[in-house]
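# What the coordinates show
So the chains spell out like this:
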Amino acid sequence: MLWIIASLFFCWLIYRELTSSMLVSKPYLSILIILALLTAWPAYHRWRFEHLLNSIAQQLAENHLAIVHCNTLWDTLFDEDPGVGGHADPQTGYIVIQYPRCDDLMNYSKHPANASKEELYSLNILTHESMHARGEYNEAKTECAAVQRNYQTAILLGVPDAIARQNAIAYYKNYYLHQTGIYFSKDCVPGGALDEHLNDSIWKEPVPELQD
Ligand SMILES: [Zn+2]
């Protein structure tokens, strides 16, 4: 938001310079244009990335509507549910990703081979909320559908195949299997009641990463 305000301020200075009755200073005008573009860039970059997340959520939600909104810090402070990484309305498909999870996803897509715990969590949040947009209300089923699709999400983020698979398995093995409570189900295992037998399942054999 601050970048947009700064950019608008420089645009206003450009407008004032161009409509002034005094002679326009070309060097001054050039500096203003550069500053307006530089301050607009972070907002544009963020808008483009949000657009990509939107497209990924729509693909994961299959034929259901999915609209992603990346909350700023300010949005998160005043969000209805700031204590979670994201939330979605299965009826409207409106997905909110809390600050700084979209930034985590952007960083993850830049260095997926060195994904941090927070980045893997953020990857799963995007998938998890997309599963709600797909129509699932039950948290354990939603989370299990997500762990089976984190690989797809990573691929859609542009992550190379082998790394995407590694990251999805790492989330399942290192974080999902250590969860308790409403997000966890003992049926979320290869061959279990919640196994969707997806063609690109991370549980397909051979999966040496799951054998130790
Ligand atoms: Zn949920």
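Let me begin by describing the structure that accompanies this report. (Residues numbered from 1 in each chain as written. Predicted model: local features only at pLDDT ≥ 70, side-chain atom pairs only at ≥ 80, totals over all residues. Heavy atoms only, no water.)

### Let's talk about the side chain of Thr-76
Looking at the element boundaries, Thr-76 is found in helix α3 (residues 73-77). A relative accessible area of 10% means that Thr-76 is categorised as buried. The residues touching Thr-76, leaving out its near neighbours within four places in the chain, are Asn-71, Pro-82, Gln-98 and Tyr-99. (Helix = DSSP H or I, 4+ residues; strand = E, 2+ residues; numbered from the N terminus. Buried < 20%, exposed > 50% of the residue type's maximum accessible area, 1.4 Å probe, protein only. Contact = heavy atoms within 4.5 Å.)

### Here we look at the state of the cysteines
Applying the stated criterion across every chain yields a total of two disulfides. Paired by a disulfide, Cys-70 and Cys-102 hold their sulfur atoms 2.0 Å apart. What sets the handedness of the Cys-70 and Cys-102 disulfide is the S-S torsion sign, and at about -85° it is left-handed. A residue pair is termed long-range when its members are at least 10 positions apart, and Cys-70 in strand β1 (residues 67-70) and Cys-102 in helix α4 (residues 101-110) qualify at 32 residues. No difference in accessibility class separates Cys-70 from Cys-102, as the two residues are buried. A sulfur-sulfur distance of 2.1 Å marks the disulfide that ties Cys-144 to Cys-188. (Disulfide = S-S within 2.5 Å.)

### Observations concerning the packing of α4 against helix α5 (residues 117-133)
At a minimum axis separation of 8 Å, α4 and α5 run at an interaxial angle of 110°. In terms of their interaxial angle, α4 and α5 are classed as roughly perpendicular. Across from Arg-101, Asp-104, Leu-105, Asn-107 and Tyr-108 in α4, the residues of α5 making contact are Glu-118, Glu-119, Leu-120, Tyr-121, Ser-122, Leu-123, Ile-125 and Leu-126. In the contact of α4 with α5, the residues fall into seven nonpolar, two polar and four charged. (Axes fitted to C-alpha atoms, helices over the stretch in contact; angles between N-to-C directions. Parallel < 35°, antiparallel > 145°, perpendicular 65-115°, else oblique. Nonpolar A, V, L, I, M, F, W, Y, C, P; charged D, E, K, R; others polar.)

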